[in-house]
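# Chain and residue survey
One letter stands for each residue in the lines below.
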Amino acid sequence: MTAAKENAARGALEYVEDGMVVGLGSGTTTAYFVEMLGAKMKDERISAVGVVTSFDTEILAKKAGIPVMPLEGKVDIAIDGADIVGKRYVLKGGGGALTREKIVDYAAEKFIVIADEGKADPGKSYPVVLEVVPFAYQYVMGEVRKLGLEPELRVGGKKLGPVVTDNSNFILDCRGEVKGEPEEFEKILNVIPGVVENGVFSKYWKIIIGNETGHYEI
Ligand code: 5RP
């Protein structure tokens, strides 16, 4: 698994050029990419600036020697992981960073998804993740049930009570299918009042899949 994640990250590294503003996603696969980008900058004496999608990635980027900047406009390329690679969409949000990820990934001229082969297994399922305003979470739960999803409030592992995101919101993990056209479903979820963002990502440039021996693009 580790090699597969590393190989996916290595595949994305080839697309980073000198002077680029690079959107840095979140998660363990992206963490490999961040580390590799820092090493590439030193080895090849190239410069790059990162736009981070979570506090976690900000810490990793600084550790890797990548300067970070706020999202001010132009992002040349964004590299980010996924929990599921489906047909014409990916599902994200396992790390609860989906809102900033979607902002940065969609703002980028080119958005590359990196994932180990297990994420593309058609037998694998993952919930549709929603970031919601705490005040509205029970109302949103009712609304997503009407769409055939079964929501659950995400609770912390080393903290009592709900997970609170980097944007001070709650997370709902909603079991069920992405219905109809992924792009439409993504929009339908976001018009529920109280939903900040959802984990259906229907827009990307390419997906790089890593396995034990290398990587390939789909
Ligand atoms: C965080 C995410 C991550 O990209 C996703 O959970 C994949 O993580 P990992 O690379 O650790 O499997 O969406 O919100």
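Residues numbered from 1 in each chain as written. Predicted model: local features only at pLDDT ≥ 70, side-chain atom pairs only at ≥ 80, totals over all residues. Heavy atoms only, no water.

One pass over the structure, following the stated rule, counts four aromatic pairs. For the pair Tyr 15 and Trp 205, a centre-to-centre distance of 5.4 Å together with 85° between the ring planes defines the contact as edge-to-face. Here Tyr 15, found in the loop between helix H1 (2–13) and strand E1 (20–24), pairs with Trp 205, found in the loop between strand E11 (200–201) and strand E12 (206–210); they are 190 residues apart in sequence, far enough to count as distant. Its relative accessible area of 21% is what places Tyr 15 among the partly exposed residues. An angle of 65° between the planes, with centres 5.5 Å apart, marks the rings of Tyr 137 and Phe 170 as edge-to-face. Taken together, the residues span a long stretch of sequence, with Tyr 137 in helix H5 (residues 137–146) and Phe 170 in strand E9 (residues 170–175) at a distance of 33 residues. Linked through ring pairs, Tyr 106, Phe 111 and Phe 201 together constitute an aromatic cluster. Seen from the ring of Phe 201, Lys 92 lies directly overhead, with NZ or CZ sitting 5.5 Å from the centre. (Phe/Tyr/Trp six-rings, centres within 6.5 Å; stacked < 30°, edge-to-face > 60°. Helix = DSSP H or I, 4+ residues; strand = E, 2+ residues; numbered from the N terminus. Buried < 20%, exposed > 50% of the residue type's maximum accessible area, 1.4 Å probe, protein only. Lys NZ or Arg CZ within 6 Å of the ring centre and 35° of its normal.)

It is worth spelling out the site of the ligand at this point. Within the structure, the ligand sits among 18 residues, and Ser 26, Thr 28, Thr 29, Asp 83 and Lys 119 are positioned closest to it. Within the side chain of Lys 92, an N or O atom sits 2.8 Å from an oxygen atom of the ligand. With respect to the ligand, the side chain of Lys 119 contributes an N or O atom lying 2.8 Å from an oxygen atom. The class makeup of the residues in the shell around the ligand is three nonpolar, nine polar and six charged. (Near = heavy atom within 4 Å. Polar contact = N/O pair within 3.5 Å; in protein donor to acceptor, adjacent residues only side chain to side chain. Nonpolar A, V, L, I, M, F, W, Y, C, P; charged D, E, K, R; others polar.)

Turning our eyes to something else, we now look at the side chain of Asp 105. Residue placement: Asp 105 occurs in helix H4 (residues 98–107). Look at Asp 105: it is buried, it has no salt bridge, and the nearest opposite charge is Lys 92 at 4.9 Å. Discounting residues that sit within four places of it in the chain, Asp 105 has contacts with Ala 78, Asp 80, Lys 92, Phe 111 and Phe 201. (Lys, Arg positive; Asp, Glu negative; His and termini not counted. Salt bridge = Lys/Arg side-chain N within 4 Å of Asp/Glu carboxyl O. Contact = heavy atoms within 4.5 Å.)

This brings us to H1. With 12 residues, H1 should cover 16 Å at 1.5 Å per step; its first-to-last C-alpha distance of 17 Å lies within 8% of that length. Within H1, the full set of buried residues consists of Ala 4, Lys 5, Asn 7, Ala 8, Ala 9, Gly 11, Ala 12 and Leu 13. (Expected span 1.5 Å × (residues − 1).)

Attention now goes to the domain arrangement of the protein. How big an interface is tends to be expressed through the accessible area that disappears when the partners come together. What the domain assignment lists for the protein is domain 1 (2–122 + 202–217) and domain 2 (128–199). Domain 1 and domain 2 are separated by 23 Å when their C-alpha centres are compared. Contacts between the two partners involve 19 residues from domain 1 and, on the opposite side, 17 residues from domain 2. Approximately 1,500 Å² of surface area, both sides summed, lies buried where domain 1 meets domain 2, with 50% of it carried by carbon and sulfur atoms. On the domain 1 side of the contact with domain 2, Leu 98, Thr 99 and Lys 102 bury the most area, a combined 35% of that side's loss. (Domains from an automatic or database assignment. Buried area = accessible area lost by both parts, 1.4 Å probe.)

This part covers the pattern of salt bridges. Should the charged atoms of two oppositely charged side chains come close, the side chains can pair. Enumeration according to the criterion identifies 14 salt bridges in this entry. Taking the shortest distance from any N to any O, the salt bridge between Glu 184 and Lys 187 comes out at 3.6 Å. Residue Glu 184 and its partner Lys 187 are both found in helix H6 (residues 182–190); the two are separated by three residues, about one turn of the helix. Take Lys 187: its relative accessible area is 48%, and that puts it in the partly exposed class. Of the charged contacts in the structure, one is a salt bridge between Glu 217 and Lys 206, with a shortest N-O distance of 2.9 Å. With Glu 217 in strand E13 (residues 215–217) and Lys 206 in strand E12, the pair connects residues that are 11 residues apart, well separated along the chain. Residue classification places Glu 217 among the partly exposed residues on the basis of a relative accessible area of 37%. Lys 206 sits in the buried class, given a relative accessible area of 15%.

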